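This is what each chain is made of:
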Amino acid sequence: MAYRCVGNLDAAMQFVSEGAQALCGYQGADLLAGAPAWVDLIYSADRARVQQERQQATDAGHHFEQQSRIVSQAGDLIWVSERGGITRTKDGGVVVEGFISNITERVTSQEQLQLQQE
């Protein structure tokens, strides 16, 4: 899913690609309307870390890459990888653009491999 938003992680999205529904079960139009807000999909145990990492990237004005979990519309826990960039508008506003990919299968495979090795 590709996205664009202006402001911090709590900000409403301005663009969401068609991949949103495949990723989290919500229509892009729902996410654009803030129903739900993306930050609300982030698994509660990961939310503070994700917000802190995003704020650090915003303060430094550079790109970021992070992994976390989201809760889909169906209630499933999904591991995602997010890569994004931070730019500033002429008036000092923050623009965040990035891509979010489902990495659940990769994480699950790595966990199973680690268990087998142990």
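Computed from a predicted model, the values in this text were never measured in an experiment.

Student: I tried to follow the nonpolar core on my own but got confused; where do I start?
Tutor: Most often, soluble globular proteins have nonpolar side chains that are buried together. Among the nonpolar cores identified, the biggest contains 25 residues, and M1, Y3, M13, L31, W38 and I70 are the most heavily contacted of them. Among the secondary structure elements, those contributing two or more residues to this core are β1 (2–6), β2 (13–16), α1 (19–24), α3 (38–41), α4 (44–60), β3 (64–71), β4 (77–88) and β5 (94–102). With near-sequence residues (within four places) excluded, I70 lies in contact with L23, C24, W38, L41, I42, Y43, D76, L77, I78 and V80.

Student: Looking at this model, I keep getting lost on the pattern of salt bridges. Mind explaining?
Tutor: Opposite charge on two side chains allows them to pair when their charged atoms are near. Throughout the structure, instances matching the rule amount to five salt bridges. For R69, the salt bridge is made with D46, and the minimal N-O distance between the two is 2.7 Å. In this pair, R69 sits in strand β3 while D46 sits in helix α4, placing the two residues 23 residues apart along the sequence. Of the charged contacts, one joins R54 and E82 as a salt bridge, the two residues approaching to 2.6 Å between their closest N and O atoms. Pair noted here: R54 is in helix α4 and E82 is in strand β4, with a separation of 28 residues, a long-range link.

Student: When you look at the side chain of S68 in this model, what are you seeing that I'm missing?
Tutor: Structurally, S68 is set in strand β3. You can call S68 buried: its relative accessible area is 5%. Contact partners of S68, with chain neighbours within four places excluded, come to D46, R49, V50, I78, W79 and V80.

Student: Just to check I follow, could you spell out the pairing of β3 for this structure?
Tutor: A regular strand places its side chains on the two faces of the sheet in alternate fashion. As paired elements, β3 and β4 share eight bridges and run antiparallel to each other. Residue pairing for β4: V71 is matched across the bridge by L77. Taking the residues that link successive antiparallel strands as the turn, the β3-β4 hairpin has five residues, and the phi of G75 there is positive, at about 90°.

About the thresholds
Counting starts from 1 at the beginning of each chain's written sequence and moves along it residue by residue. Given that the model is predicted, a residue must reach a pLDDT of at least 70 before its local features are reported, and side-chain atom pairs must reach 80 or more before they are shown or counted; all residues, however, enter totals for whole chains, interfaces and linings. Where side-chain values are given, they derive from all heavy atoms of the structure, hydrogens and water being excluded. Only buried residues count toward a nonpolar core, which is a set of Ala, Val, Leu, Ile, Met, Phe, Trp, Tyr and Cys residues joined through side-chain atoms within 4.5 Å. Under the scheme applied here, a residue whose accessible area is under 20% of the maximum for its type counts as buried, over 50% as exposed, and between as partly exposed, the area being computed with a 1.4 Å probe on protein chains only. Strands are runs of DSSP state E lasting at least two residues, helices are runs of H or I lasting at least four, and both sets are numbered from the N terminus onward. The contact rule is simple, with two residues in contact once any of their heavy atoms fall within 4.5 Å. Any carboxyl oxygen of Asp or Glu within 4 Å of a side-chain nitrogen of Lys or Arg constitutes a salt bridge here. We call two strands paired when DSSP finds no fewer than two bridges between them.

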